[in-house]
Structure formats: structure tokens, C-alpha cells
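One-letter residues, chain by chain:
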Amino acid sequence: MGNCCDCVTGFFCRPKNTNVRVSLPAVCFVWQIAMIILFGVFIRYDEESDAHWVEFKREHNITSDIENDFYFRYPSFQDVHVMIFVGFGFLMTFLKRYSFGGVGFNFLIAAFGLQWALLMQGWFHSLDPATGKIYIGVESLINADFCCAGSLIAYGALLGKVSPVQLMVVTLFGVTLFAVEEYIILTLLHCRDAGGSMVIHAFGGYYGLAISWVLYRPNLHQSKRLNGSVYHSDVFAMIGTLFLWMFWPSFNSAITDHGDGQHRAAINTYLALASSVLTTVAISSMSQKTGKLDMVHIQNATLAGGVAMGTAAEFMITPYGSLIVGFCTGIISTFGYLYISLIYDCYDSHSQPFLEKYLKLQDTCGVHNLHALPGMLGGFIGAIVAAAATESVYSAEGLINVFDFEGSFANRGVGTQGGFQAAGTCVAIAFGLVGGAIVGLILRIPIWGDPADDNCYDDEVYWEVPEDEESIPPVLEYNNHMIHKHQDISESNFSVEQS
Amino acid sequence: MGNCCDCVTGFFCRPKNTNVRVSLPAVCFVWQIAMIILFGVFIRYDEESDAHWVEFKREHNITSDIENDFYFRYPSFQDVHVMIFVGFGFLMTFLKRYSFGGVGFNFLIAAFGLQWALLMQGWFHSLDPATGKIYIGVESLINADFCCAGSLIAYGALLGKVSPVQLMVVTLFGVTLFAVEEYIILTLLHCRDAGGSMVIHAFGGYYGLAISWVLYRPNLHQSKRLNGSVYHSDVFAMIGTLFLWMFWPSFNSAITDHGDGQHRAAINTYLALASSVLTTVAISSMSQKTGKLDMVHIQNATLAGGVAMGTAAEFMITPYGSLIVGFCTGIISTFGYLYISLIYDCYDSHSQPFLEKYLKLQDTCGVHNLHALPGMLGGFIGAIVAAAATESVYSAEGLINVFDFEGSFANRGVGTQGGFQAAGTCVAIAFGLVGGAIVGLILRIPIWGDPADDNCYDDEVYWEVPEDEESIPPVLEYNNHMIHKHQDISESNFSVEQS
Amino acid sequence: MGNCCDCVTGFFCRPKNTNVRVSLPAVCFVWQIAMIILFGVFIRYDEESDAHWVEFKREHNITSDIENDFYFRYPSFQDVHVMIFVGFGFLMTFLKRYSFGGVGFNFLIAAFGLQWALLMQGWFHSLDPATGKIYIGVESLINADFCCAGSLIAYGALLGKVSPVQLMVVTLFGVTLFAVEEYIILTLLHCRDAGGSMVIHAFGGYYGLAISWVLYRPNLHQSKRLNGSVYHSDVFAMIGTLFLWMFWPSFNSAITDHGDGQHRAAINTYLALASSVLTTVAISSMSQKTGKLDMVHIQNATLAGGVAMGTAAEFMITPYGSLIVGFCTGIISTFGYLYISLIYDCYDSHSQPFLEKYLKLQDTCGVHNLHALPGMLGGFIGAIVAAAATESVYSAEGLINVFDFEGSFANRGVGTQGGFQAAGTCVAIAFGLVGGAIVGLILRIPIWGDPADDNCYDDEVYWEVPEDEESIPPVLEYNNHMIHKHQDISESNFSVEQS
């Protein structure tokens, strides 16, 4: 520790350069200008958001404005939007001194990511070959929010250890990879994945874990004092948890089929989530000597049911099937937080989590347990439920609608569909792991302004942090006052002696 | 205090067993497994959420998916869902050291309650005798959330004084009683109660008060130091207040008739709530020597207008009628907080509230003033407005629609309807009081792990609470440092003397 | 400072009377009773919320209840409602000791304002001359919320410096002025301003600034210690920011045309907001020596894109046009916070902001930068986009629909429309400045109970504030304990000496 200085705030600072004054504005400006140019070239309103709608309506014999897709999907869109910005954002405020970074950087990268997602998803999914344009409507906005979610999940594994510039890079590549794997899974393999167990959660989780693995910091214990929550930061995080939990039915139903599709997806997700709350509480309580609950579990594992229903929610999984999914994933996710990857236990240093001890992988928010693992499970659950579909349960027409067995896929059987669903899950994981490893290597280039090992989880590095709680100064003052009085006594003693 | 130990945290701990390591997981697992089995036997998708919808649509000449009930009710459902989990949850974070318990146990019991509610309400209201199945859709989800609300209201009276296992019992019986009284009131008495002034608020309020009365703790003053708010916990509670306040129009309109019914219920509730804010502020300010406002009133009594409009919101109460209801209930509720039941005034011990002094009843959140009393008033307001209904105001058809005067009730007059509405209110209160007393006796069995009298309102009992605010350690360190310096001075004095 | 007393809390208190025990309840009661009477005389349900809807439907060949305007606008209404109460409310909790006042007074004045707005807007826009009644529906509720927003914006400039009674006066006149300028701009000048860049933001911003200018406090630096945030208050403010940011697409689309109008307005606003996040971050980072971000910018300037799209959102501004608007306003707004008006920098007293130094104007929340300036820009952007409209882009029918070129305005060209839009912006600003100056003079009458200069930004003045953080007492106790031990040592020294 030769080249360290003892700062007034009490930690050692390495001569690592965390100044992002040039790089962060440069990235923001260049990328935003690029977005404007590319939007100018490619993006247009679709027929339902264009002023020509009045003509379109007449031509297509649409009798009412209420048939505009806006009214089918806008309420779900707004719920998804809340999940992306308040849900993910506040879930990451749990650290005692990284709440600004948690909610603020989430805000930044989601705002960038959704623009890039509109382009990437547009090129892959809805580029009109005749005009060379991408036509966007409310469903595009939902998909763009979904696409960001992958990168925000990855942020969960990196929370506190990377610079905002690195996060912008994570998002640029994350959205790009997302659009490609989504194209492969949804279009080429013709999988169904309305709530994104595969394309969002499994991909995003493994993407973040792979990056974190490449960026492993052996001396991260130097920031241990900041890797934990305080009372109020845990309450802030519950805002994130609850908005995610409450609006997950909208997430999984946002882009499913009109009518019964959206209806069923919402019901299934609602039930799975309720079920995983109970098993999370049960396992959390069992794991402690006196049955006390751990906020980390309540904040995270309660959501596992929603993640795991991402694929199957629109299927006829049945209400009790949904409860079973939530039941199992609540247990698995909580066990994950207990043994596989969790935040440091500040008071018990030998309890290193499995992932860190054996795989040299540090996962700040435990995205492995909340997204990667339940997402993967959700993919396979979807495969099984798809393979088990029958005409009697779905009706002949219903089966075609739900699995979209049309065009070149008209003759695909449900068994085959199940196989493709499983294959899609593997594709998502592979994209996450390989893509994450490559992006991790890019992030190791020492130009991004990442924090030193003893400086992680600290908002001071990238934010102007206000002076400490207003309650402190009077206390100090009071003590000084008291102490001075003592000095007087001591000094008076002294003088007595001397006399 | 012979068998007490002086803990480091500064309070005395009784040898009361608060260990829930066996009971809490056992209850969660057993009940969740029971839910899965019962759902497997009874619960199915209804025709609007089933994949057969496409056939159903054709058979019933439904021209568009937008006619699916999902699009009529889902936005309201999501608002109600927010009220249940964020609204009720955060409203109960106001205590300085019970925020985890407030929001966390609310989460747990609501997640359990809504499953049990789907079954109980299904058996009573929508069991198909032909198939023996309950068919659920979005309206069932709203009703399940409503049904939970009764138990969450009861939790408000018990906050900080019961264990999570006891809360699960409160919810199990609460939901059961709710379904029975709801069946009697809505089906047998054929009352209208869209927003649940009677079936939710009056029932839930008196249910909680009766339980709290049976569980009276004469030595609760030993936990006085924790029965109060701190600055930030009061701000957290405002999150709950505002989401309840904003979404109450959705609550009262969520299950009213399509079209004008939902429209009118939202308008009436919006107006009543606005009005009660002003009178709450007025009374709160008048009650203090210098006109200062009390956060307890703002957090709670502002909502009384919504509670009191639960029955009448769908009627033609007129906009100014709604304002009058809000005006009066805002005053009554604030007076309730001032004189009938309120949280302890930590600094003025002789100001015991009426309920505690004369009825030996401790009501942590003052549910008497926010739910029980305004709910009862709402029931009677509904009775009066129903009795005053005329064909000229409602139109002949409108009268039949609003009061559902069909089938065996085709000949019921509005006067009779008013009488039944009043009777329904009494039934709700009776169910609450008798049911609560019985459940209270069950909860007195000493196996549930409830906290000791000097240990109430403390998250430490059931939660892993993180170390205190990060600001404290440096202060202590600083003091120790200073004190050590003094010791040096003192010791040097000593040595001078000895020399 | 002869007549000052040194209080225990450490500040000097002037003999200024901040007692509102008579005035606040009086204003609340009188105004609420007036509302009830006026509602009784004027306000009725419109045909879509009246029980006669079933007849209306038949007469107008409406085939489905889903055609009720409720289903077109209610989800947007609820989002707007959240923006008004949680968005504006929590955005103003950023001050370390004015969170109660920020969120609580916002709640009070919005609840009053919306009632008065229903009347004022009703008289100007929808009074039925035949019956002398105002008929309200969901669109009226949205407009009432919008109307309040003007006064809430003005509150932002006054935060911490005025009494609740003054705020009620600000709201009474604010809503009145709003309804008049809105009538002039929307009806007489026939401008389009769906999201209210002109009528809400430019008006509200300049209204607040003018009041603040008249109420200039030369000795406000005496409250400097409280004019700043603490860590957790900044996180609370982010709740406000994010709910405003997320729901702004609903704000700008809430009252636009059914179908493509709402759809397009939501898309445009979504894009503009995303773009302004990136440029806000860029400028914020550039402005600090080490590239650190400032929470004030993130909390506020990120919203500028939504403000600036208030007028043009429903036009065919194109997706990239929206991005450009967000790009520019994010930069301008952040520069505003840096140089024009910002909160005190507590640690650098010579960095007085431009507005305060040269115009003697104190703007607590910087509404100049977030509302006044971007609102004005939004008005002119709307003018330009309107003037540039063509039939090929809008279609002939679309052009008529979007600009409402019907009746006496059937022959107005787009160029003329652009001119009127620009004129409308000037009218809004003029109303704000002149109206605000007059209201400011009224507020200078010394009867409203406003705080002293050294007492601003302090909840203690108007709220019962709970004792400080629970963490403090044990610390003090601990210190006393330690100190007593020292006294013993000292005293024992003393006795040794004396012996």
C-alpha cells in the first residue's frame, strides 16, 4: 500500500483514474447523435400511429378507434415501463452508499438502450423491404423496453464495480446481442417467449455473469464495508421489488395475443408470483437459527415465479400449474441466494458464496438466482408445456393461435415445438455466456474509468454526494462541547497540582 | 424483572419464545401445498382467458377481442394491485423500526390471501354446479385482491404486536369470514357494494379491532420508545398514502358495471377524496396550539373519503354529494385520530386514547378511524342514496342496471333496497366483531411466537436487520479517539501526582 | 438581532408569526364549502357517466360499452394522476428537512386545485348554455389535473419559502388564470397544446418565477444550512423524477385525439425523454472537474424533453424529430441548472446563480430550467412543426383532424396556424408574468404566516416533526456514559491530590 493516501473519509485511494469527464460525455453525445441520424434514416410511425390512420381505418373496415393497438397494449406498456425504470432501478438501491448509482445509471442505460433497441429489433424483425423503413407503434416500445431489460439484468451482476462508461458499452453490446439471439430464437427457431424467460432473463443473467467473471476482482474484499445495506436502503429496494412483482403480469402479457392470450398470461403470472412469495419466506426463515427473515431473499426470490413463467404464461399451463412453478422457483431461487451467489455477509468472512469461491465470479445482486437460473428453468418449463399441448385443451384454432403454427410452420407438431423451445433456451444461454465473455474482455481495456478495488460500491466516485445526514453535526458539536469541559477539569487538576 | 438480561441493544428481553423457524416455514409450505391441490381440483380458466376464446367469440357473435373483459378491467386491476401491495404495505412503514415488518408481512399475507380468496369466493359465488369447477378471469383477480384487503386492514390494528404466523392465521380466517359475509350481503341480501365500504372496510376494520381487543397488552408501554415514526419513515408512509389515494377511484370502479358504472364510480371517488384532504388539513391544523399539521392525519384521514364512497360511488350520488361525503368523513376521521384511537404520543403519557383507556384496545395504525368508522358510514350513506333513487334520475333501465333489479329481485323497490343496504352494513360489522373475537382467542394460544411486551414494533424480532446507519461508526470512533486522549491526560496527571 | 432567542435547535428565531391555526383551517373550510355549493349549482355527470348512458348508447347506435370515453382515457388519467401527486410531490422532497412540506403541501393544493379547476374550466369550455350546467367525464378530470399542474410548478419556485395559506392563494389564482389563458389560447386563438407546453409549463413556470421575484428575500442565506439535500432525500426525489419521466407519454397523449393521436403522442414523448437523459448526463458530467454527476440535473433536466414535446407530441414531428427536441432541451435545461437558477451550493457561497444575482429571484427547484424555458421552447417548436405540416405527410383528413380545422377555422392554413401557436406561447408567458406579479403582491400582505428568512426550508415551522433519527439517543447516552466515567477519574485525581 505504498502509493496510498489516507483520506478523511477513511478509506485508501489507489491512483486509479476514475475521471469520466471526457469519456462519459463523449459516449453520450456521439451515441445520441448516431441515434438521431439512424432514426432519421430508418424509423417511421406505423399505420396505427400515423395521421393516415383515418384512411387506413376506412380501407380496412375498422369501425372504431378503440381497435387501434394502442388501447390493447398501452396499459401494459406503462406497467412494463415502470418495471424497467422504477422496478429495476430501485431494486438496486439496496446498497448503503450506491443508491444514486443503482437508480441513476439504470436510468441512463435504459434510456440509451431503448433507442438502440428500436433500431436493432427493427432491422431484424420489422424492416419493410419495400421502403427500407422500420415502422414503430406501441408494441415496438414494449419490445424496446424488454430488450433493455437484458442489459439491466446484467447490470445487477456488475453493480458497484463498473463505471457508467462501461455500462454504456455493456448496453450497446447487450442490446445488439439481444436482437440477434431474439431473431434466432423467435424467428428462425419459431419459439414462443412472450415474457422472455429465455430471451430476456436467461440471456441477460448469463451475459452479466460472464462479464462479471472476466472482470473478477480478487481484492474486492477491500470494499466490504460498503457491500451491504442499511435500514432505509432496504426499504427503498422494496419499492423496486413490489413494482416488479405487481406489474409482472403485465410484463408477461404485454405482447401476447389479443384477447385470451393477454388475459391468460396475466392470470398465470399473478398466481406463480403469489406462490413464490410463500416458499421464499419459508426457506428464508428455515435458513436462520431463530427463523428470522432475510431482506435479500424477500427483495429478490419472491420474483422468481414471474421470471420462470416468462415463456409458459401464455400457454394453457393451468392455474395450479402456475402455482407449482412459483412454488419450485421460489425455493430454488432462495437456495441460490443462500449458497450459490449472494452479497457478502459482512460479519462472517469465511462464508464465501459458491460462485465466488469456485468460479471466481462476483454477482452483486445475485442475478444468477433471480434471472439466470429461473430464466433457464422457465425456458425448459415452456418446452415441456408446449410439448404437452393438445387440441382438446387448446381447441384446434386455439393451438394454431397460441403457437402461431402458420405459414411454413403450419405442420409443426407440439412435440417438435417443445424441442425447439428447449433449443432456444440453450441458444439464449450460449449467447449470454459467449457474448458476455467478449464484452468483459473489451471492458478490461484500462480506459473506461472503473473504480479501484477499495472504492467499489461507493457513489462518491461518480456522483456529487451531499454532506452526510443532517443529524451528525450537532452530535459532534455536543461531544466537542463535553470534551472541552473535561479538558477544563483536567487542566484545573493540573494547575492544582502545580500550585 | 428477575429473569431479564440487559442486551447490548439496550432493552430488556423476556424469555418469550419468538422463534418461528419451524412454525413459519411449516405454515407456508402446508398452506401453499394445500392451495396447489385445491386449485388442481377446482380452478380453471374462464371462457375469456381460455384458448377456446376464439370459438366462444364466434358462437357469441363477439366481433372484436377488445370486448374481452380483460380490456375493461385490467387497468383497474393493476391499480388495485398497487394499492394492496404498495399502498397498504408502505402505509405501514411509518414506524421507526418496523418498516420491514410493515411492508414485508403485508406482502406475505396478501400473497397467501389472494390464493385462498380465489377459492373461497369461487365456492360461494361462481362454482359451476354442472362441472364442479370455479372459472376465473380478471374480475376474479380483482375480487381476490379486495378480499385480501379485509385482512390487511386488520393487520393495521395489530401492526408490531403479532408474529408472521399469527398474521397467516388472521388472513386464513379473515378471508374465510370475508367470503361468507360477502355471500350473505351481496347475494342473499342483494346489496350493492362495489368498493366495499361494508364488506371490506367495515368488516376488516372491526375484525382487526376485535382481535386487538382480545390480544390486549397491558404492558405495551414498555415498547413505547419504538411506537413512533422518524422523519424518513414518515416520508416512506406517504408513498403508501398517495398510491392509495390516487388509485382509490380505480378501487371503487374496478368491478362496477361496464360503461357508465365504472365511469361514474371513478368520478365520485375522485371528488370525495379531494374533499377529505381539505377537511383533514383543517382539523389537523386546528388541533395544535400553533396550527402545525400532524403527519398521522395526512397519511390516513385524507383517505376516509374513498372508504366512505365504497358503496355509493356507483350510484347517482351527484358530484356535490361526493364532495359532501368527503367533507364529513375527513372531519370525522381526523377527530378519530385525535381522540378515539391513535398511536402513542411518546412525550405526553397521560394522553391515552379513548379506545385504549376505556375499551382496552390498542390500534396501531388507527384502523378504527380510517376503515371501521368511515366504512360503516359508507354503508349507511349507500343505504340512504339507494333509498332516494328515482327513475327520473337513473332512467328506468338505468335503475335496473345499477341496482341489478332482475330475476327474483325484479320487484324490489328502492326503499326496500335501502333497508337491505343498512342491514348489510350491520352484518359486516357483526361478522367483524364476532369473527375477530374468536380469531383473537385462537391467537392467544402460546404457540405462535408473538413478541414480548417490551419487544413490540421491533424488526429485530423477525428480521435480519442490517447494522445501523453507516454514519454512526465514524462518530463512535471519533469519540473513542477523543476519550482516549482524555484518558491520557488523566493518566498523565496521575503520574505527575505520583512522582 | 436584539429580539432573537438562541433556540436549542441552533438557529435564531425571529418574532415572525407563523401560526396558521386560524387562517389555514378557515381557508380550507370556506373554500371547500364554496366548492360544494358551486358544484351543487353547476356540476353534473356527462352522458357517458350518467345512468342514462344505456339510453344514450341506443340513441346514438353505440354498439359496445367499450366505446365509452372512459376506456380510451382512464389509463392515461391514472398515469397523469400519479404524476401530479407522486411525481410533483416526491420531486420536491429533495430538501433535507422539507420533505413533509414538499409532498404534503403539494397534496393539499392539488386536491383543492382540481375542484376549482373543474369549475373554472367548465365555465370557460363546457358550460351548456341551455341548462346552465357543466357536464363532467373522465376528460374533465384529466384537464383538472392538468390545470393544477400549473400551480404545482409555481410551487416549485416557492418551495420552503411560503406558508400553506399562501400556497392556497397561489393555487386559487393560478387555476383561475390558467382557465382564462387556456380559453384564450385554445379556443380564441385555436391553438393545439395537448401536453401543455404553453398553457401548463410556460405559464406555470413564469407564474411561479414572477411570484418568487416579488417575494424576494435578501436574507435567505440565513437558511442556507437547510437549502440542500441529504443522501436519502435525493433518493426520495428520484421517485418523483422517475414517475414523471415514465408517465409523461401518458401526460402528452391523455387528451389527444382517439386512435393515432394518442398513439403518436405517446411515441414522440417517449423518444424525446430518452434523448434528454443522455444529453443531461453528458452536460452534468462535463461540468465537474472529475466528471461526477449532479443529482439535481438527473432529477430535473432529464424531464425537459417531455415538457418541450407538450405541444408538438401529437403532430407528425417524426421519431427523429422527437429525439432532436429531447437532445437540445436536455442540454439547455442542464445549462440552466448550472448557470441560470439552481439551488444554493452550500459550500461555495460566491457561486450565486444568475437569476438571483441579477434579477433578485430565488427559484428553489429551478422551475425556470425545467418548466419555463423548455415550455416556451416547446411552444415555439409546436409553432414551427405546425407551420411545416403538409397534406402529404398528414393526409387531407389527417390534417383536419390533427389541427381541428373545422367550423370557423376550416380555412385556416398551416402557416397561419404556426403563427397563432407562437402567439399563444407569448400569451401564456404574459399571463404567467403579470398574474404572478399581482399574486406576489397579494402574498406580501403580512397576514399569511410565512416563515422568517432564517426559518425557510424547515418542516418544523408547519409540521409536527418526529424526534430525530432513532440512532442518535444511544450515541448520546453512550457518550454521556463515557464522559461520566472520565469525571470519576478526574474527581478521583482530585481527591488524591487533596489527600
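Residues numbered from 1 in each chain as written. Chains lettered and ligands numbered in written order. Predicted model: local features only at pLDDT ≥ 70, side-chain atom pairs only at ≥ 80, totals over all residues. Heavy atoms only, no water.

### Section: the packing of aromatic side chains
Taken as a whole, this structure holds 90 aromatic pairs over all chains when the rule is applied. Ring centres 5.3 Å apart and planes at 35° place the aromatic pair Phe105(B) and Trp463(B) in the tilted group. On the criterion of sequence distance, the pair formed by Phe105(B) in helix α4 (residues 99-126) and Trp463(B) in the loop between α17 (414-443) and α18 (472-498) is long-range, its members being 358 residues apart. Per residue, the accessibility class of Phe105(B) equals that of Trp463(B), and both read buried. Clustering of aromatic rings is evident, with ring pairs tying together Phe70(A), Tyr71(A), Tyr74(A), Phe77(A), Phe72(C) and Tyr270(C). (Phe/Tyr/Trp six-rings, centres within 6.5 Å; stacked < 30°, edge-to-face > 60°. Helix = DSSP H or I, 4+ residues; strand = E, 2+ residues; numbered from the N terminus. Buried < 20%, exposed > 50% of the residue type's maximum accessible area, 1.4 Å probe, protein only.)

### Focus on the interface of chain B and chain A
Chain B puts 89 residues into the contact, and the matching count from chain A is 91 residues. In this assembly, chain B packs against chain A so that about 7,800 Å² is buried in total across both faces, 71% of it on carbon and sulfur atoms. The three residues of chain B that bury the most area against chain A are Arg21(B), Tyr45(B) and Phe107(B), which together make up 10% of that side's buried surface. In this structure, the connection of chain B to chain A is made through 1 salt bridge. Here Arg58(B) ties to Glu397(A) by a salt bridge, and the two come within 2.7 Å at their closest N and O atoms. Across the chain B-chain A interface, the total number found is 25 residue pairs in polar contact (both at pLDDT 80 or more). (Contact = heavy atoms within 4.5 Å. Buried area = accessible area lost by both parts, 1.4 Å probe. Salt bridge = Lys/Arg side-chain N within 4 Å of Asp/Glu carboxyl O. Polar contact = N/O pair within 3.5 Å; in protein donor to acceptor, adjacent residues only side chain to side chain.)

### Focus on the interface of chain C and chain B
Between chain C and chain B, the contact holds 90 residues from the first and 92 residues from the second. Together chain C and chain B conceal approximately 7,800 Å² of surface at their shared face, both sides included; 71% is due to carbon and sulfur atoms. Remark: the boundary between chain C and chain B carries 1 salt bridge. Along the contact surface separating chain C from chain B lie 25 residue pairs in polar contact (both at pLDDT 80 or more). Secondary structure elements with two or more residues in the side of chain C that touches chain B: α1 (23-42), β3 (43-45), α2 (53-59), α3 (69-91), α4 (99-126), α5 (138-158), α8 (231-253) and α18 (472-498) of chain C.

### Brief notes about the pattern of salt bridges
All names here are of chain B. Under the definition given, this model contains 30 salt bridges over all chains. Between aspartate 453 and arginine 217 there is a salt bridge; the shortest N-O distance is 2.7 Å. Note that aspartate 453 is positioned in the loop between α17 and α18 and arginine 217 in the loop between α7 (197-214) and α8 (231-253), a separation of 236 residues in sequence. For the pair formed by aspartate 453 and arginine 217, the shared burial category is buried.

### Side note on the packing of helix α7 (residues 197-214) of chain A against helix α14 (residues 367-387) of chain A
Residue and element names in this part refer to chain A. Running from amino to carboxyl end, α7 crosses α14 at an angle of 140°, the nearest separation of the two axes being 8 Å. Taken together, the axes of α7 and α14 lie oblique to each other. The chirality of how α7 crosses α14 is left-handed. Here Ser197, Met198, His201, Ala202, Gly205, Tyr206 and Leu209 of α7 lie close against α14, whose contacting residues are Val367, His368, His371, Ala372, Leu373, Gly375, Met376, Gly378 and Gly379. (Axes fitted to C-alpha atoms, helices over the stretch in contact; angles between N-to-C directions. Parallel < 35°, antiparallel > 145°, perpendicular 65-115°, else oblique. Left-handed = near helix turned anticlockwise from the far one by under 90°.)

### Describing the packing of α5(C) against helix α7 (residues 197-214) of chain C
All names here are of chain C. Between α5 and α7, whose axes approach to 7 Å, the crossing angle comes to 35°. Handedness of the α5/α7 crossing: right-handed. Between α5 and α7, the contacting residues are Phe146, Ala149, Gly150, Ile153, Ala154, Ala157 and Leu158 on the first element and Ile200, His201, Gly204, Gly205, Tyr207, Gly208, Leu209, Ile211 and Ser212 on the second. For the contact of α5 with α7, the per-class residue count stands at 10 nonpolar, 6 polar and no charged. (Nonpolar A, V, L, I, M, F, W, Y, C, P; charged D, E, K, R; others polar.)

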